[in-house]
Amino acid sequence: MRKLGFIFLFVSMACFISAQQHSTKRTSTQSTQQNHQGHNHDHGDHSGHNHAKGDHSGHNHAKGDHSGHNHAKGNHSGHNHAHGDHSGHNHAHGDHSGHNHAKGGHDGHAHGDDSHGGHAHQNACGHMVHDHSAEFNPGAVAFHHISDQNVYSIGPIQIPLPCILYTHKSAEGGSKFDMFSSGKFKPDYHGNGSMAYNGYVLYEGSARRVRGNFNREGLVELKNGSHSVYAVEEMQENGKKKDQLYLCQGGQSFKVDSKSTLDGGLFGGGITSFTDFSITKNVVSMLLVSLFLFWLFRKVARAYKTRKGMAPTGVQGFLEPIFVFIQDEVAKPFLGKRWEEFIPILMALFFFILGLNLFGQVPFFGGSNVTGSLSVTAVLAIVAFLVTTKNGNKDYWKHIFNMPGLPAWVKVIVTPVEMMGAFIVKPLTLMLRLFGNMTAGHMVIVIFVGLIFIFGKNGMNPAAGWGMVVPSALLTMFMMAIELLVAFIQAFVFTILTASYIGAATEEHHH
Amino acid sequence: MTGSLAAIGAGLAVIGAAIGIGQIGGKAMEAIARQPEAVGDIRANMILMAALVEGAALIAILLSFFVG
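What you are looking at is a predicted structure, and each value in this text was computed from that prediction instead of being measured. (Residues numbered from 1 in each chain as written. Chains lettered and ligands numbered in written order. Predicted model: local features only at pLDDT ≥ 70, side-chain atom pairs only at ≥ 80, totals over all residues. Heavy atoms only, no water.)

1. A look at a nonpolar patch on the surface
Residues and elements named next belong to chain A.
Line of reasoning, step 1. Taken together, the side chains of Phe401, Met419, Met420, Phe423, Ile424 and Val425 present a nonpolar region at the surface, about 490 Å² in accessible area.
Line of reasoning, step 2. In terms of residue count, helix H8 (residues 408–455) provides more of the nonpolar patch than any other element does, five residues in total.
Line of reasoning, step 3. Following the sequence through the fold, Val425 ends up in helix H8. (Patch = residues over 30% accessible without salt bridge, like charges linked within 9 Å, V, L, I, M, F, W, Y side chains within 5 Å. Areas by Shrake-Rupley, 256 points an atom, 1.4 Å probe, with all protein chains shown as cover. Salt bridge = Lys/Arg side-chain N within 4 Å of Asp/Glu carboxyl O. Helix = DSSP H or I, 4+ residues; strand = E, 2+ residues; numbered from the N terminus.)

Here you go:
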């Protein structure tokens, strides 16, 4: 039993190195506008007319040869995206006005008559304000709530965590480490910081780097009149929709990098100019669970020594059946003669995953989704893969590279398939299974809670919202009961699959 | 459009996995009914097989994330 403690530390260290969560693909938090009038998406040869009057108004996306007219009157107004040969007309009257993006043979025209009129270039600020109160987007909210953060939020309280941020060489004033507390950002209840520090800001709980000619010395207070300092604009890149975050400060707009991810943004997250090595919420949760398990198992191990031959009591009595179950149902049938060698790694995996799954289930305690983070499950899968590969015997490798008893031309097909299975598919599915199950469960819970806001139209219909509280609570409780089951099943499945992979690698064949 | 097509693809893959897992569950129930004393072995193998089938659906969903 004592060996277990060391394995826990090893696994948690490994996960610690992978610090930042690889965020699942960013959701499109759509910039929403109230009193939306006059929408027009048009693809065609002659296309895209849009006349709109109102408070926020006048959207026009047009693709085609002759395209993109947009007349808008109102307070916020006049958007026009046009791609085509002759394109992009935009007349706007109002307080903030006149956006025009045009690509094509003849350029865009923009007329704007007043205070902040007539930007022919990108300026997200004051327009595409990412407004949470306008419309409730359950998918985006769920993704935001299950992702890793640089603050640990329990209810309205934001516990600051250490930020360790590395600026890449190629970036402005690059190649340096910044270490500071995320409390410096002064985050609000939603995790949006009201201060910038050394050119970093906190948006939706995660640290991001401001690009361009921004003040990178110490604390900077963020101000944008009565508007939000953060603005999201939807962009089209290679035919894919993408959201770009802007920071509005002193009448200027600065591009803000997306969240730092494990892959550096190569897989669609947006390539970042910094890397986040921070002690994030997930890392803190992992350390807490590891320390708790270490303490628990030390206690139980001591009990086996001091109470030799006696019936187990207390927590020992609770853990023994689980331990014996894994030993008898997983280790012995799958691992054959060498089962005792692999007990520590199997038990460490099982209890570590189970502990984290259950920790993420505790309501009102941050709801950290550690096992629903790809980088954590990736490290766990890599540990399983390394153990399998290291212990693979001659027969195992022979069955992958040179399957006995097959004609040569079949081997040409079988060998690549076997190699893919052993090196890619097995670790990949191990990683994705745990990640997918935990993420899906957490998302469903958030969306069930979100039913209150969907029915209450986010504050516009409070009666319906209140009426939804009880059904939503019941559904959430039902889901959490299922999740409790899933927590055990997924920990068990991960362990049993690891055992079967190791078993296949160490099996003695008799030909 | 790519997003919605990818979602349909993921949905199709899930249908396949659902049929597979349904078969595993059903056959396991039959097996347990025939030999109740083997319930432990059957259950462990059932979960293992279900997990393997699930892997195929997971890869499809991952691909749909990357494509979509």
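2. A few points about the pattern of salt bridges
Line of reasoning, step 1. This structure, assessed with the given rule, holds five salt bridges over all chains.
Line of reasoning, step 2. One salt bridge connects Arg338 of chain A with Glu341 of chain A, and the closest N-O pair in it is separated by 2.9 Å.
Line of reasoning, step 3. Look at Arg338 of chain A and you get partly exposed, because its relative accessible area is 28%.
Line of reasoning, step 4. Between Arg433 of chain A and Glu54 of chain B there is a salt bridge whose closest N-O contact spans 3.3 Å. Placement of Arg433 of chain A in helix H8 and of Glu54 of chain B in helix H2 (residues 39–67) is noted, with the two residues assigned to different chains. (Buried < 20%, exposed > 50% of the residue type's maximum accessible area, 1.4 Å probe, protein only.)

3. With respect to the packing of aromatic side chains
The description of an aromatic ring pair rests on the distance of the ring centres and on the angle between the ring planes.
Residues and elements named next belong to chain A.
Line of reasoning, step 1. Under the definition given, this model contains 17 aromatic pairs over all chains.
Line of reasoning, step 2. On the basis of an interplanar angle of 80° and a centroid distance of 5.0 Å, the ring pair of Phe214 and Phe254 is categorised as edge-to-face. Of the two residues, Phe214 is situated in the loop between strand E17 (206–209) and strand E18 (219–221) and Phe254 in strand E21 (residues 252–256); the sequence distance between them amounts to 40 residues.
Line of reasoning, step 3. Taking relative accessible area as the criterion, Phe214 reaches 8% and is therefore assigned buried.
Line of reasoning, step 4. Centre to centre, the rings of Phe292 and Trp295 are 6.0 Å apart; their planes meet at 35°, and the pair counts as tilted. Separated by three residues within a single helix, Phe292 and Trp295 lie in helix H3 (residues 281–306), roughly one turn from each other.
Line of reasoning, step 5. Taken together, the ring pairs connect Phe385, Tyr396, Trp397, Phe401 and Phe423 into an aromatic cluster.
Line of reasoning, step 6. Sitting over the face of the ring of Tyr197, Lys184 holds its NZ or CZ atom 5.0 Å from the ring centroid.
Line of reasoning, step 7. One cation-aromatic arrangement involves Lys332 over Trp339; the distance from NZ or CZ to the ring centre is 4.9 Å. (Phe/Tyr/Trp six-rings, centres within 6.5 Å; stacked < 30°, edge-to-face > 60°. Lys NZ or Arg CZ within 6 Å of the ring centre and 35° of its normal.)

4. A word on the confidence of the model for chain A
Residue and element names in this part refer to chain A.
Line of reasoning, step 1. When pLDDT is averaged along chain A, the result is 74, and 71% of the positions lie at 70 or above.
Line of reasoning, step 2. Counting interchain partners and residues more than four positions distant, the pLDDT-below-50 stretch residues 12–122 has 297 contacts.
Line of reasoning, step 3. In this model residues 128–133 is a low-confidence stretch, pLDDT under 50, and it forms 23 contacts with partners more than four residues away in sequence or in other chains. (pLDDT = per-residue confidence, 0-100. Contact = heavy atoms within 4.5 Å.)

5. Re the nonpolar core
For soluble globular proteins, the rule of thumb is that nonpolar side chains tend to be buried together.
Line of reasoning, step 1. Counting residues in each nonpolar core, the largest one holds 61 residues, and the members touching the most others are Phe350, Phe351, Leu380 and Leu497 of chain A.
Line of reasoning, step 2. Among the secondary structure elements, those contributing two or more residues to this core are H3, helix H4 (314–335), helix H5 (339–359), helix H6 (374–391), H8 and helix H10 (469–506) of chain A together with H2 of chain B.
Line of reasoning, step 3. Looking at this core element by element, the count peaks at 14 residues for H5 of chain A. (Core = buried A, V, L, I, M, F, W, Y, C linked by side-chain atoms within 4.5 Å.)

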